[in-house]
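Summary of the model geometry
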Number of protein chains: 2
Amino acid sequence: MTAESTGYTRSRLEQLDAADPMSRWRLKFQPCDPGRVALDANSIGPMPGDVPARIDRILKQGWHGLGRRGWSEADWLDKPARLGAAVAHLIGAGADDVLVCDNTTVNLFKLLGHAWRARRQGFRILTEAANFPTDLHVADGFARLISEAGGQAELVRAPSREAVLQRLASADPDIAVVMLTHTDFRDGSAWDLATTTAAAHASGALMLWDLSHSAGAVDIDLLGAGADFAVACGYKYLCGGPGGPSLAFVHPRHREVAPILQGWMGHVGQPGFSPDYQPAPGVLRLATGTPSVVANEVFAAAADIWKQVDRAELAARHRALGDVMIGLLDQQCAGLGVSVLSPRDAAQRGGHVAFSHEGAGPIVQALLARNVTLSFRSPNAVRAGISPLYHNRVDLWDAIAVLRDVLVSGEWRRPEYSKLSI
Amino acid sequence: MTAESTGYTRSRLEQLDAADPMSRWRLKFQPCDPGRVALDANSIGPMPGDVPARIDRILKQGWHGLGRRGWSEADWLDKPARLGAAVAHLIGAGADDVLVCDNTTVNLFKLLGHAWRARRQGFRILTEAANFPTDLHVADGFARLISEAGGQAELVRAPSREAVLQRLASADPDIAVVMLTHTDFRDGSAWDLATTTAAAHASGALMLWDLSHSAGAVDIDLLGAGADFAVACGYKYLCGGPGGPSLAFVHPRHREVAPILQGWMGHVGQPGFSPDYQPAPGVLRLATGTPSVVANEVFAAAADIWKQVDRAELAARHRALGDVMIGLLDQQCAGLGVSVLSPRDAAQRGGHVAFSHEGAGPIVQALLARNVTLSFRSPNAVRAGISPLYHNRVDLWDAIAVLRDVLVSGEWRRPEYSKLSI
């Protein structure tokens, strides 16, 4: 915890915000509606302020104005690589190592294909049983596909983090690829990316990270860790728009792996009009079909901000805000049934801060009715997704003030708040 | 050819447009810029007029206003099924048979997976060598994947349409699935969907159609033909926005097939937060990751128009416009080196009308400089993608008048038009 973590007052937090150069990024986003605090960057990041104007322009001047000439005269088909290059530094990747395309589920499938191509025989995928559901679904589906085709593939679900590491440290781990989500989507705790990647490699396995609840918030260094593959959600902390495109990372050592999902946009000199598929260089071969021009333009507004953001400064800001959040929970909600679930050591925290309360679901509903957005995760967790570019310390004070009020008054026990929210 | 196909004058075509009730749909689209004719619906359909306002609203009121509540309180996650239901009738599908999701390449991959699951052993995919490149790429990639995993799979490229049908009619065709693109992307000719599907079934094969250059223009009856699977591009004649989401169709008889690309949005009660994947009913299981809310809203503007459009009236309008186009080429460009490539019988034509000329590439450039958009396809084809909801007969007159001028004057021979366009 930092020096700013005790004896909070609203004015003290205002002073800290005013003194923090990272507070300037908030001006790049759509101004917050008065009286509202939406701590939901773990679900949908805030909107860069110029998105509506940019989208209006690409609709009228691009789609309507250029028509099909947009495919050749504008940068519509170059966007996946350009957007990847703009955000690559945030996850410690080179500009040529990241493509922005498809959604995270599809990108996971493609990268499991890359891992499989790099290994082929005895394809055992190790993950933790508590991984994010779609990660489990897609890996289970991929293993079934290979098995039904006659190959050997299996998804191994270790019951805990410790069990994952024990398996990797065992005499004969027999794992082809380790697939983990960096930030746990419930309690906000994070894997140690470097040591876990090293443990996977020491066991002879490849390492595939899902950074969906980390990228754009937490310090990530994929090349530093030597990770093989990674995906990240583009619409959470990265602010790429609801359901916006996803990030796919391939370490330079795997640039020559042939993709399993061959498409004309991943063909050399895309779009590929040759009948015979020849993969584009490096990560470009992960492109599949035509990208959404409108969705990519939304992401581009965020990417233009991210280009200017220093990774270390971002992570420091995010850690400071998380510390304040936890400090405020301690100070303002003591004795009110709140237990902090996320690690107090910022180095072990991922994107969001979670706490538990027996009335977690109703509390989130009661907060919503008071214009404070947090999120519920069954059975008893409340999560705050803090955007280091958008939120400031006073937002956290204001949200926790409402939380305290809702708890002290017993307002959350009202019958109308008893239905569950996602 | 119809009675309207000879002795054209601009005023006669104006009269025909005025008398045609299908001309009313043009008012639903962004008004055409004066002096411009863009016959590029085979590449990017025209923009519904309310798209900019709808998108502005979903950005400000949806993304910024609702934030994460959009996932549960708005219809963001229901859109793929709703959009599919809105356009299903255009391709002769039931409302529950079509999902709008991902891109065409990804959907093809998923449906090849469906076909493979329905067959498993000896998975030979029959196609024509001249199929659209990404169809060849994705099928080649799928066959490689299954083969490398230890299964039997192969892409068979028949050298011609006749060779496809001969193979199916042979004593032992040994084909698991026939994968064809309904409209040839070069000459605009179309397969007979019903008889080809019947031939595939008679041979014991499944039938997978790519309707990308047909849907939204040509009369398609998938259920009538009993086709097994289909995809269609959403951003060409369907006007779903540049790079917008794609259509996937699964015949009701295959509703129970398990998807190979398992994702939380295809889980029962999506989004699926259970660690164990259980597929959603029917075509819903083809959903993968989170859909793009903004791209889907663009498509929704088109879908709101399509809901009101009768399939037979649409097809009749498209055939009439195609007949006029060919008639005008005959009448206005006689002796100028133009040869119509597309079938003169409208029943054999797909989405676009193509003609050849030795100077096809430069001609397209010269037309562009005169504000007329057509498209070039190597080596010598010029294509006009006519939108039956947007274009009228006078547009075709005006475009052909410029073409005639460019050919008679020799303007297309200027050096600046010698570079190729896509």
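Shown above is the structure to which this text applies.
All residue numbers here refer to positions counted from 1 along the written sequence of the relevant chain. Chains and ligands are labelled by the order in which they are written, letters from A for the one and numbers from 1 for the other. Local features in this predicted model are restricted to residues whose pLDDT is 70 or higher, and side-chain atom pairs enter the listing and the counts only when it is 80 or higher, whereas totals over whole chains, interfaces and linings include all residues. Heavy atoms from the whole structure form the basis of all side-chain values; hydrogens and water molecules are not counted.

**Notes on the interface of chain A and chain B**
Rules: Note on contacts: a residue pair qualifies if any of its non-hydrogen atoms lie within 4.5 Å across the two residues. A 1.4 Å probe defines the accessible area here, and the buried area is the portion of it lost by two parts on being joined, summed over both. Salt bridges, as used here, are contacts in which a Lys or Arg side-chain nitrogen is within 4 Å of a carboxyl oxygen on Asp or Glu.
Across the contact, 91 residues belong to chain A and 91 residues belong to chain B. When the area that chain A buries against chain B is broken down by residue, the three leading residues are A:Trp63, A:His64 and A:Arg68, summing to 13%. Where chain A touches chain B, the interface holds four salt bridges. In this structure, B:Asp276 and A:Arg157 form a salt bridge, with 3.6 Å as the shortest nitrogen-oxygen distance.

**Brief notes about helix α10 (residues 293–306) of chain B**
Three or four residues apart is the spacing at which side chains of an α-helix point the same way, because the helix has 3.6 residues per turn. Our working definition: Working definition: helices are DSSP H or I runs of at least four residues, strands are E runs of at least two. Numbering for both runs from the N terminus. What a helix should span is 1.5 Å times the count of its residues minus one. To sort residues, take the accessible area from a 1.4 Å probe on protein chains only and compare it with the maximum for the residue type: under 20% means buried, over 50% means exposed, and anything in between is partly exposed.
End to end, α10(B) covers 19 Å across 14 residues, agreeing with the expected 20 Å (1.5 Å per residue, within 8%). With 13 of 14 residues buried, α10(B) lies mostly within the body of the structure.

**Structural notes on the sheet that holds strand β4 (residues 153–158) of chain A**
Residue and element names in this part refer to chain A. Worth spelling out the cut-off: Strand pairing requires that DSSP identify at least two bridges connecting the strands. Only the stretch in contact is used when a helix axis is fitted, and all axes are lines through C-alpha atoms; the angle between N-to-C directions ranges over 0 to 180 degrees.
Strand order in the open sheet made by the seven strands is β2-β8-β7-β6-β5-β3-β4, with mixed pairing throughout. In this open sheet, the two edge strands, each paired with only one partner strand, are β2 (98–101) and β4. When the angles between neighbouring strand axes are averaged without regard to direction, this sheet yields 20 degrees. Sheet analysis places strand β7 (residues 229–232) next to strand β8 (residues 246–250), joined by four bridges and oriented antiparallel. Across the sheet, residue Ala230 finds its bridge partner in β8, namely Phe249. The strands touched by helix α5 (residues 104–119) are β2, β3 (123–128), β5 (177–181), β6 (206–210), β7 and β8; relative to β7, the strand with the most contacts, the crossing angle is about 175 degrees. The strands touched by helix α8 (residues 193–202) within the sheet are β5 and β6, with β6 carrying the most contacts at an inclination of about 145 degrees.

**Details of the side chain of A:Ser342**
Residues and elements named next belong to chain A. Note the threshold: A 3.5 Å cut-off defines polar contacts: any pair of N or O atoms within that distance qualifies, except that in protein one atom must be a possible hydrogen donor and the other a possible acceptor, and neighbouring residues in sequence count only when both atoms are side-chain atoms.
Along the chain, Ser342 turns up in the loop between β9 (339–340) and β10 (352–356). Within the structure, the side chain of Ser342 is placed 2.7 Å from the backbone oxygen of Asp187, a separation counted as a polar contact. Among all residues touching Ser342, those that are not within four sequence positions of it are Asp187, Gly188, Arg349, His352, Val353 and Ala354.

**A few points about the packing of aromatic side chains**
Residues and elements named next belong to chain B. Applicable threshold: Aromatic rings from Phe, Tyr and Trp, with only the six-membered ring used for Trp, were paired whenever their centres fell within 6.5 Å, and each pair was classed as stacked if the ring planes differed by under 30 degrees, edge-to-face if by over 60, and tilted otherwise.
Enumeration over the complete set of coordinates arrives at 23 aromatic pairs over all chains. A centroid spacing of 6.5 Å and a plane angle of 75 degrees characterise the contact between Trp116 and Phe142, whose relative ring orientation is edge-to-face. Separated by 26 residues along the polypeptide, Trp116 in helix α5 (residues 104–119) and Phe142 in helix α6 (residues 133–148) bring together distant segments of the chain. For the residue pair Trp116 and Phe142, the accessibility class agrees, reading buried in each case.

**Focus: the sheet that holds strand β12 (residues 375–377) of chain A**
All names here are of chain A. If you trace the four strands from one edge of the open sheet to the other, you get β9-β10-β13-β12, paired in antiparallel fashion. Taken across any chain shown, the strands that pair with only one partner, and hence form the sheet edges, are β9 and β12. Across the face of the sheet, helix α11 (residues 311–332) comes into contact with β9, β10 and β13 (381–385) while running at roughly 20 degrees to β10. Along the sheet, helix α12 (residues 360–369) makes contact with β12 and β13, crossing β12 at roughly 170 degrees.

**Remarks on the side chain of A:Arg383**
Going by this rule: All tallies of charge rest on Lys and Arg as positive and Asp and Glu as negative; His and the ends of each chain are not included.
Positionally, A:Arg383 belongs in strand β13. One buried charge, A:Arg383, has no salt-bridge partner; the nearest side chain with opposite charge is A:Asp184, at 7.5 Å. Separated by 2.6 Å, the side chain of A:Arg383 and the backbone oxygen of A:Phe185 make a polar contact. Discounting residues that sit within four places of it in the chain, A:Arg383 has contacts with A:Leu39, A:Asn42, A:Phe185, A:Arg186, A:His352, A:Val353, A:Ala354, A:Leu374, A:Ser375, A:Phe376, A:Arg377 and B:Arg68.

**Points about the relation of the copies chain A and chain B**
Two copies of one chain are present, and they are related through a rotation about an axis combined with an axial shift. The cut-off we apply is this: Superposing copies: least-squares fit, C-alpha atoms only, residues required to have pLDDT of at least 70 in both.
After a rotation of 180 degrees and a shift along the axis of 0.0 Å, chain A superposes on chain B with an RMSD of 0.0 Å. Taken together, the rotation and translation relating the two chain copies correspond to the operation of a two-fold axis. Across chain A, the smallest distance between a C-alpha and the rotation axis is recorded for A:Gly150, namely 2.4 Å. Most of the interface of chain A is mirrored in chain B, where 100% of its interface residues are also at the interface.

**Points about the pairing of β8(A)**
The side chains of a regular strand alternate between both faces of the sheet. Residue and element names in this part refer to chain A. β8 sits mainly inside the fold: five of its five residues count as buried. Of the two faces of β8, the one lined by Ser246, Ala248 and Val250 and the one lined by Leu247 and Phe249 are each fully buried. When β2 meets β8, the two strands line up antiparallel, connected through four bridges. Note that in β8 the partner of Val98 across the bridge is Phe249.

**Some remarks on the nonpolar core**
Basically, it comes down to this: Note on terminology: a nonpolar core comprises buried Ala, Val, Leu, Ile, Met, Phe, Trp, Tyr and Cys residues joined through side-chain atoms within 4.5 Å.
Counting residues in each nonpolar core, the largest one holds 108 residues, and the members touching the most others are A:Phe123 and B:Phe123. In contact with B:Phe123, not counting residues within four places along its chain, are B:Leu112, B:Ala115, B:Trp116, B:Phe142, B:Gln152, B:Ala153, B:Glu154, B:Ala176 and B:Val177.

**Focus: the pairing of β7(A)**
Residues and elements named next belong to chain A. Here β7 shows no split at all, with Phe229 and Val231 on one side and Ala230 and Ala232 on the other all buried. For β6 and β7, the ladder comprises three bridges, and the chain directions are parallel. Bridge pairing links Leu208 to Phe229 in β7.

**Regarding the environment of A:His318**
Residues and elements named next belong to chain A. Here His318 shows up in helix α11. Judged by relative accessible area, His318 falls into the buried class, the value being 8%. Distance from His318 to Gly113, taken between C-alpha atoms, is 34 Å for residues 205 residues apart in sequence. Excluding anything up to four places from it in sequence, His318 contacts Ala217, Val218, Gly350, Gly351, Ile386 and Pro388.

**Some points on unusual backbone geometry**
Geometrically, the link from B:Gln270 to B:Pro271 is a cis peptide bond, its omega value of -5 degrees lying close to zero. If you trace the backbone, B:Pro271 turns up in the loop between β8 (246–250) and α10. With an omega dihedral of 5 degrees, the bond running from B:Ser378 to B:Pro379 counts as a cis peptide bond. Examined against the element boundaries, B:Pro379 turns out to sit in the loop between β12 (375–377) and β13 (381–385). One non-glycine residue, A:Asp102, adopts positive backbone phi at about 45 degrees. With respect to the helices and strands, the residue A:Asp102 is situated in the loop between β2 and α5. Of note in the backbone geometry, A:Asp174 takes a positive phi value of approximately 55 degrees without being a glycine. The topology assignment puts A:Asp174 in the loop between α7 (161–169) and β5. Exposure remark for A:Asp174: the relative accessible area of 40% places this residue in the partly exposed category.

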